[in-house]
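Below, each chain spelled out in residue letters.
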Amino acid sequence: MLRFTLLRLLSLGLSLAVASLVIFAVIEVIPGDPAAFMLGLNAEPEAVASLRRELGLSGSLADRYISWAGGMLRGDFGQSYTYRVPVADLVAQRLVVSLPLAAYALTLTVLIAVPVGLAAAARRGSAADYGIMGATQLGIAVPNFWFAMLLVLVFAVNLRWFSAGGFPGWEAGLFPGLKALTLPAVALALPQAAILARVMRSALIETLGQDYIRSARAKGLSRAQAIRRHALRNALIPVLTIMGLQFSFLLAGAIIIENVFFLPGLGRLIFQAITQRDLVVVESVVMLLVFAVILVTFVVDLAYAAVDPRLRRR
Amino acid sequence: MTGRVQLYAGGMLSAVFLVAAAVSLVWVPHDVAALNIAERLRPPGGDYVLGTDQFGRDLLSMLMVGARSSIAVALVAVGIGMGLGVPLGLIAAANRGSLIDEIIMRGNDLIFAFPALVIAILITAVFGPSAVNAILAIGIFNIPVFARVTRGGALSLWTLDYILAARVAGKGPARISVEHILPNIANLLIVQGTIQFSLGILAEAGLSYVGLGAQPPTPSWGRMLAEAQTMIYTTPRLAILPGLAIVLMVLGLNLMGDGLRDALDPRLRRAAR
């Protein structure tokens, strides 16, 4: 397990290095000068020269990459040109919205998908199974941001249970904060839960066909006991993998959903940065997002190997 | 639902949108570029089957032209993914276990770490927003998907006797890949293509909703939703109809994909249910 972990750690480091090179290269291919690009067409030459100094553009490409990547390793993401504050501070302010939103949505996804998938698999071929499969088929086809708009229409405009958007800040208390994140989290969670419930169902059906389940039944366990004690745990392995893969969709979804609800999260930050041509913010936030996806894949790989020793060989 | 019913229902649903998109090339009920304030927010009925939006544009015409943008973006993106992903997968499988295989697969993992939205953000930050960005972003995202499916399918074929026979007959790996492997994984690729097509429609809608895709005045389903957002309190129809179009199109493609999988590969039938 130690050898496996070290190898995976090495490949994690390598992936991050290559990903950062790719992002750096894309930002560098801007035709002309990044400083002139950020300031726009009507910029004074002195302003461009001063921004060039600020961004350290006089150094060679290699120097600039090393100072950017090295800075990030120390937690220094550079200085935002438009906000005039360190990007790390901006990101920290936004993460307190985006991270809880993603965690909330992920929790809801699991809480919905596991029981629903279980119910469908346990009553395979029944009307309930067909109903659930039909509903999940529909759930997969629904774009989450449109679903979010429908939720606003029903729960904010008509029923007035929730506000249509905005975030009061955690200073207002835990409950108002969670309440503001509830509709966005539901909008993110339901389409994801539809996919996960289908995975859960087919994984469980697959497991229920195994010999050891037949042995367990022969030993005198009821069907429900066999599912609870033996099948469920084994079926969770593919579910875990898909959850890891879903993380990047969740992240992308959160960025879009934040726009529907006017939440001051990472998504809003990055779209503002694009319109303001604040490349320092774009570059660093994109790197952060990619880092998150790579890290989750790494953690899932390790969790997977911890659960199933057969996977450690490779 | 049996595979055949899924295939027909899904195929018919998708066909409706394909036909609507094709018809919009030569005819739409009303011009979608012309703003007609006098006709703004007309309810459905009469001259405007689905009513008009806040700029007086006919909703049905907008949906038809929007279908065209969505389908075009998703289709080209699938083309990019297949065009690059399938050869990469074939090369990796032909050189399985070698350094080339390892490099291709690790490269795939790396692209997987960039969600389509993140690619679109990067491209847009540098080159400015356009529909081409959406195509590129979704297309790049599709490459590793097709490479993996191709490699997986090809790997199991390389061990079979008829491939061995082809090698004995003196055919090289490239020729075997094209003449024997590719035709036998075509089914897999068609099914995956349908899935990526439907994912592409969803992704395009999301990208154009946040302004990273089709730009005004080109109508697209995602942009229609973005424009309808402030109108949702007064005219919910404007936000509901484009979303419904996306759902039905994607649902149709997904059903068709499931049905195709069952029809083309009987071995998968057990796993599908």
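Residues numbered from 1 in each chain as written. Chains lettered and ligands numbered in written order. Predicted model: local features only at pLDDT ≥ 70, side-chain atom pairs only at ≥ 80, totals over all residues. Heavy atoms only, no water.

Defined as follows: UniProt positions are given in the numbering used here, feature names are shortened, and annotations may be inferred rather than shown by experiment.
The name that an unreviewed UniProt entry assigns to chain B is Peptide/nickel transport system permease protein, with the source organism given as Rhodovulum iodosum. Recorded under Subcellular location (unreviewed entry), the UniProt text for chain B is reproduced unchanged: "Cell membrane".

An unreviewed UniProt entry lists chain A under the name Peptide/nickel transport system permease protein, with Rhodovulum iodosum given as the organism. Looking at the Subcellular location (unreviewed entry) heading of the UniProt record, one finds this comment for chain A: "Cell membrane".

### Observations regarding the overall build of chain B
Filter applied, for reference: Every helix listed is a DSSP run of H or I at least four residues long, and every strand listed is a run of E at least two residues long, numbered separately from the N terminus. For every residue, the accessible area obtained with a 1.4 Å probe (protein chains only) is divided by the maximum for its type, and the residue is called buried under 20%, exposed over 50%, and partly exposed between those limits. Any two residues whose heavy atoms approach within 4.5 Å are treated as being in contact. Computed with the Shrake-Rupley method and a 1.4 Å probe, the accessible areas treat only the protein chains shown as cover for residues. In this tally, Asp and Glu contribute negative charge and Lys and Arg positive charge; neither His nor the terminal groups of the chain are included. To locate a charge, take atom NZ for lysine, CZ for arginine, CG for aspartate or CD for glutamate.
Within chain B, the secondary structure is distributed over ten helices and zero strands. Going from the N terminus to the C terminus, chain B shows its helices and strands as α-α-α-α-α-α-α-α-α-α. Counting only C-alpha atoms, chain B reaches 75 × 45 × 35 Å along its principal axes. With 273 residues in all, chain B has 51% of them scored as buried. In chain B, of all internal contacts separated by at least 6 residues, the share reaching a separation of at least 24 is 69%. As displayed, chain B has an accessible area near 11,600 Å², and 70% of this comes from carbon and sulfur atoms. Here chain B carries 19 positive and 15 negative side-chain charges, and the mean point of each set is 7 Å from the other.

### Things to note about the domain arrangement of chain A
Interface size is commonly expressed as the accessible area that is lost once the parts come together. Residue and element names in this part refer to chain A. Here is the rule we go by: Start and end positions for the domains come from either an automated domain assignment or a database one. Two parts placed together each lose some accessible area under a 1.4 Å probe, and the buried area is that loss summed for both. Salt-bridge detection follows one rule: a side-chain nitrogen of Lys or Arg within 4 Å of a carboxyl oxygen of Asp or Glu. We call two N or O atoms a polar contact when they sit within 3.5 Å, provided that within protein one can donate a hydrogen and the other can accept it, with sequence-adjacent residues counted only if both atoms are side-chain atoms.
Annotation of chain A at the domain level lists domain 1 (2-73) and domain 2 (94-313). Summarising the inter-unit geometry, the C-alpha centres of domain 1 and domain 2 are found 33 Å apart. Listed per partner, the contact involves 20 residues of domain 1 and 19 residues of domain 2. Between domain 1 and domain 2, a total of about 1,800 Å² is buried, with carbon and sulfur atoms accounting for 81% of that surface. Linking domain 1 to domain 2 there are one salt bridge. Notably, a salt bridge pairs arginine 8 with aspartate 301, separated by 2.7 Å at the nearest N-O pair. Joining domain 1 to domain 2, the criterion identifies one residue pair in polar contact (both at pLDDT 80 or more). Elements represented by at least two residues in the side of domain 1 that touches domain 2 include exactly helix H1 (2-28), helix H2 (34-39) and helix H4 (61-73). The dominant element in the side of domain 1 that touches domain 2, judged by the number of residues it contributes, is H1, at twelve residues.

### Focus on the packing of helix H8 (residues 174-208) of chain A against helix H10 (residues 223-260) of chain A
Residue and element names in this part refer to chain A. Just so we agree on the cut-off: Here an angle of 0 to 180 degrees is reported between the N-to-C directions of two axes, which are lines fitted to C-alpha atoms, with helices fitted over the stretch in contact. What makes a crossing left-handed is the near helix being turned counterclockwise from the far one by less than a right angle; a clockwise turn instead makes it right-handed. Polar here means any residue other than Ala, Val, Leu, Ile, Met, Phe, Trp, Tyr, Cys and Pro, which are nonpolar, and Asp, Glu, Lys and Arg, which are charged; Gly is therefore polar.
Running from N to C, H8 and H10 point in directions that differ by 145°, and their axes come no closer than 7 Å. Classified by chirality, the crossing of H10 by H8 is right-handed. Residue composition of the contact of H8 with H10, by class: 23 nonpolar, five polar and one charged.

### Focus: the UniProt feature "transmembrane region" (unreviewed entry) in chain B
All names here are of chain B. Using the residue numbers shown here, the UniProt feature "transmembrane region" (unreviewed entry) corresponds to residues 7-28, 71-95, 107-125 and 238-257. Annotated as residues 107-125, this span is 84% helix and 0% strand, and its ends, taken at the C-alpha atoms, are 23 Å apart. Within the segment residues 238-257, helix and strand shares are 100% and 0% respectively, and the terminal C-alpha atoms sit 30 Å apart.

### Examining the UniProt feature "domain: ABC transmembrane type-1" (unreviewed entry) in chain B
Those residues carrying the UniProt feature "domain: ABC transmembrane type-1" (unreviewed entry) are residues 67-257 of chain B in this numbering. With 82% helix and 0% strand, the stretch residues 67-257 of chain B has end C-alpha atoms that lie 19 Å from each other.

### Focus on the UniProt feature "transmembrane region" (unreviewed entry) in chain A
Residues and elements named next belong to chain A. Summarizing the sequence annotation, UniProt attributes the feature "transmembrane region" (unreviewed entry) to residues 101-122, 134-157, 177-197, 235-257 and 285-307 in the numbering used throughout. Structurally, residues 235-257 comprises 100% helix and 0% strand, and the distance from its first C-alpha atom to its last is 31 Å. Taken as a whole, residues 285-307 contains 100% helix and 0% strand, while its terminal C-alpha atoms sit 33 Å from one another.

### Quick notes on the UniProt feature "domain: ABC transmembrane type-1" (unreviewed entry) in chain A
The UniProt record annotates "domain: ABC transmembrane type-1" (unreviewed entry) at residues 95-300 of chain A. The span residues 95-300 of chain A is 83% helical and 0% strand by assignment, and the distance between its end C-alpha atoms comes to 22 Å.

### What to know about the environment of valine 280 of chain A
Residue and element names in this part refer to chain A. With respect to the helices, strands and loops of the structure, valine 280 is situated in helix H12 (residues 279-307). The buried category is assigned to valine 280, whose relative accessible area is 12%. On a C-alpha basis, the gap between valine 280 and leucine 55 in space is 8.7 Å, while along the polypeptide they are 225 residues apart. Here valine 280 is in contact with Met38, Leu55, Phe77, Gly78, Gln79 and Val87, once residues within four sequence places are set aside.

### What to know about the confidence of the model for chain B
Residues and elements named next belong to chain B. How we decide: Confidence scores per residue from the predictor, reported as pLDDT, run from 0 to 100.
Taken over all residues, the pLDDT of chain B has a mean of 87, while the share at 70 or more is 96%. Of all helices and strands in chain B, the one with the weakest mean pLDDT is helix H10 (residues 269-272) (46), whereas helix H2 (residues 59-94) scores best (93). In the predicted assembly, ipTM is 0.87 and pTM is 0.87.

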